Amino acid sequence: MEDKHNRLKESGRQLAVSWALCAVCLIGHLSHIFGAKVSWVHVFHSTGFHLSLSLFTLLGPGRQLILDGVKSLFKGAPNMNTLVGLGALSSFTVSSFAALIPKLGWKAFFEEPVMLIAFVLLGRNLEQRAKIKATSDMTGLLSILPSKARLVVNGEVNDRDSVVEVPCSSLSVGDQIVVLPGDRVPADGIVRAGRSIVDESSLTGEPLPVTKISGSQVAAGSVNLNGTLTIEVRRPGGETAIGDIVRLVEEAQSREAPVQRLADKVAGHFTYGVMALSVATFMFWNLFGPRILSAGFCQGNTVSLALQLSCSVLVIACPCALGLATPTAMLVGTSLGATKGLLLRGGSLLEKFSMVNTIVFDKTGTLTIGRPVVTDVVIPGDTEHADQRSEDEVLKLAAAVESNTVHPVGKAIVEAAQAFKSPFPKVLDGTFVEEPGSGAVAIVENRKVSVGTLEWVRRNGVAENVFKELVEEEHGNQSVVYVGVDDTLAGLIYFEDQIRDDAGNVVDLLSGQGIDVYMLSGDKRNNAEYVASVVGIPKEKVLSEVKPNEKRKFINELQKNQNVVAMVGDGINDAAALASAHIGVAMGGGVGAAGEVSSVVLMGNRLSQLLDALELSRLTMKTVKQNLWWSFAYNIVGIPIAAGMLLPITGTILTPSIAGALMGLSSIGVMANSLLLRFKFSSKQKQIHGKSMETQIYASSDSRINTKEKVKQPYSDERYRDSTSRE
């Protein structure tokens, strides 16, 4: 980016010089028009003075442009600079002959190269500014990283002398750092102590802050809002997620879409065509000019007029607008995606993604959140026991035991209990026992609490004669653990891999757009069909108990039917299918795992971002097509006018300087239309999401705590919606 700014400064200096020369040239014309009587003023409109200005322009601000055009012509790859250079040199050469050999009767127009170069450099400068604006979002991501971090040197966070400020570049994996309220996190890591609300909008695009507790992952550049966190560094320096984002986006912006390669090829042939038209224009007006125009109009010599019109044809033609049509839109689209939590890897991706007509979802971790969540606590309907406990008490007793395990179900129980801010009891030291595959048992508040399978709680003293027939149909596809207290069955805790809250809405909207939606899963048939029925995918489009290689084969079968297929997965178990699909979309658990095989990474880890990515790709390609149509239409209309089509009818003639100005405006128009993509996308987002984005409350980057419901939602309480899951 620094190099781009340096080039912009150099362009600005050349622009200032060229327009200063243009202003001097204009003073000469004005003095002549208004008949200034001061003798030295007339120097400004003398032929020699204008020749000097023109020569200085060509050798000064226009030199690099002309040299590049000539080199490109000799290499057999003429470009816009070739046309501008030929136009400027032709105007100067014709004017020089007119001035040096008056007998020819030609008209001198030395001001044309001066004004032409000024207009072209103005267009280039505005174009560079627009490109820098399009990529400024990426620079902004890097600039938000702090320069210093508070490093814990002696392991005592509470001791001020143990915390020292060090440059962020010196941090290493395993270091512990302290992040105070209001500070930005200096490196990716895991929270080891503390609790706070963190703003991750710069990374994920999610506007609402996220609660972080011990075990939660935090990303560099996010803002710690209200609590002190102690973080163990996992990815310092340039290895952070933001560094990955910038790297992937820059890689994406360097790739060419197929439509861009076509535009470049057309632009090359276009330049040769314009040069041929310029020659044809000269020959036509030189041969037929006297028959078409009056002798007074061409002042008895049509050669000068023919040369001027042929120069105008060279200058007005704009392969630049054609060349800019695709890359500018792609540049804006990929940068805009990154600021919205979407990593889009390459222009070819955007073009392909806009044509997707089939989307295949993985189940676990994609349509579901990928980990168990407590959905309900049921107390057996046995009122004979006076010590029957409430649901909350049973959950807290189970959490006391499971807080000593690392099992995912145990973590889910602890998370559910943490929704109630009152602390749960602790296990008596030395009493905790765990049996893999069965459960765990410990002494809590002088009572023996067992949590696990039915067989496990029986083995730990729960009397068989207390079991009643329990109604489980309402819990659908959910699994269950049993909680025993001494010899009593205290309760049953149901859990499931929670379906994402936005999954059903996403599937419904995709189906409404005419996109075929499938689901693949390695899970059992009943489990897969249950999830599919909830989100709205027909059973005939569900494949269960499939292995990773079978997923890849299914994707390939869909592609044989001329479908453009996108695969949405977690980026790890679905790597083969993600790589085989036309578009691989990974949920945003981590760029390192998913980014290498996926074309798109949803950094916000929200399935609804898939709709954003689809809409952004469509809008980007629509913008590309608009730019291309504008480029072709401009040249179709502009070139005949520059060649003198209107001259016999209205007397209208485009001088090379006016043609140069129009050429610059065509390029600026393409850039402006590309930048409008930002506003178009924001408008489309509002239409897609409506006000739901403002009312959703996300408790973490991959889960959301809602009001207490018995079956379909995670077990929680309305009063404690700010609780979060342990990662």
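Our structure is the block above this text.
Residues numbered from 1 in each chain as written. Predicted model: local features only at pLDDT ≥ 70, side-chain atom pairs only at ≥ 80, totals over all residues. Heavy atoms only, no water.

### Some points on the nonpolar core
Generally speaking, a soluble globular protein has its nonpolar side chains buried in company with each other. Rule in force here: Here the nonpolar core consists of buried residues drawn from Ala, Val, Leu, Ile, Met, Phe, Trp, Tyr and Cys, with membership extended through side-chain atoms lying within 4.5 Å. Throughout, exposure labels follow a simple rule: accessible area from a 1.4 Å probe, protein chains only, divided by the maximum for the residue type, with under 20% read as buried, over 50% as exposed, and the rest as partly exposed. Every helix listed is a DSSP run of H or I at least four residues long, and every strand listed is a run of E at least two residues long, numbered separately from the N terminus. Residues are treated as being in contact if the distance between any of their heavy atoms lies within 4.5 Å.
Phe353, Ile359, Phe361, Leu510 and Leu610 are the most contacted members of the largest nonpolar core, which totals 49 residues. A per-element tally of this core places helix α21 (residues 609–642) first, with nine residues. The contact partners of Leu510, leaving out residues within four places of it in the chain, are Ile359, Phe361, Ile515, Val517, Leu610, Leu611 and Leu614. Counting residues in each nonpolar core, the second largest holds 29 residues, with Val401, Ala442, Val451 and Phe495 among its members.

### Quick look at the sheet that holds strand β4 (residues 188–193)
Where we set the bar: By definition, two strands form a pair when at least two bridges between them are found by DSSP.
If you trace the six strands from one edge of the open sheet to the other, you get β2-β1-β3-β9-β4-β7, paired in antiparallel fashion. Because the sheet does not close on itself, it has two edges, and the strands there are β2 (163–167) and β7 (217–218). Of the strand pairs in this sheet, strand β3 (residues 176–179) and strand β9 (residues 229–235) are connected by four bridges, and their pairing is antiparallel. Each residue of the ladder has a partner; that of Val178, found in β9, is Thr230.

### Some thoughts on the environment of Phe495
Relative to the elements of secondary structure, Phe495 occurs in strand β17 (residues 488–499). Look at Phe495 and you get buried, because its relative accessible area is 13%. Through-space distance from the C-alpha of Phe495 to that of Val377 is 9.1 Å; in sequence the pair is 118 residues apart.

### Focus on unusual backbone geometry
Look at Gln562: it is not a glycine, yet its phi comes out positive at around 65 degrees. Within the secondary structure, Gln562 is located in the loop between α18 (548–560) and β20 (565–569). The exposure class assigned to Gln562 is exposed, which follows from its relative accessible area of 69%. The phi torsion at Asn605 lies on the positive side, around 55 degrees, for a residue other than glycine. Examined against the element boundaries, Asn605 turns out to sit in the loop between β22 (600–602) and α21.

### Overview of the pattern of salt bridges
Note the cut-off: Any carboxyl oxygen of Asp or Glu that lies within 4 Å of a side-chain nitrogen of Lys or Arg is treated as forming a salt bridge with it.
Enumeration over the complete set of coordinates arrives at 11 salt bridges. With its nearest N and O atoms 2.8 Å apart, the salt bridge here joins Arg192 to Glu232. Placement of the pair is Arg192 in strand β4 and Glu232 in strand β9, with a sequence separation of 40 residues. Assessed through its relative accessible area of 19%, Glu232 is described here as buried. By sharing partners, the salt bridges in this structure join Arg192, Glu232 and Arg234 into a single network.

### Here we look at a nonpolar patch on the surface
To keep things clear, this is the line we draw: Exposure above 30% relative accessible area and the absence of a salt bridge qualify a residue for a patch, where like charges join within 9 Å and nonpolar side chains (Val, Leu, Ile, Met, Phe, Trp, Tyr) within 5 Å. For every accessible area listed, the method is Shrake-Rupley and the probe measures 1.4 Å; residues are considered covered only by the protein chains on display.
On the surface, Val279, Met283, Phe284, Leu287, Phe288 and Ile292 cluster together to form a nonpolar patch covering roughly 540 Å² of accessible area. Its place among the elements puts Met283 in helix α8 (residues 258–292). Residue classification places Met283 among the partly exposed residues on the basis of a relative accessible area of 46%.

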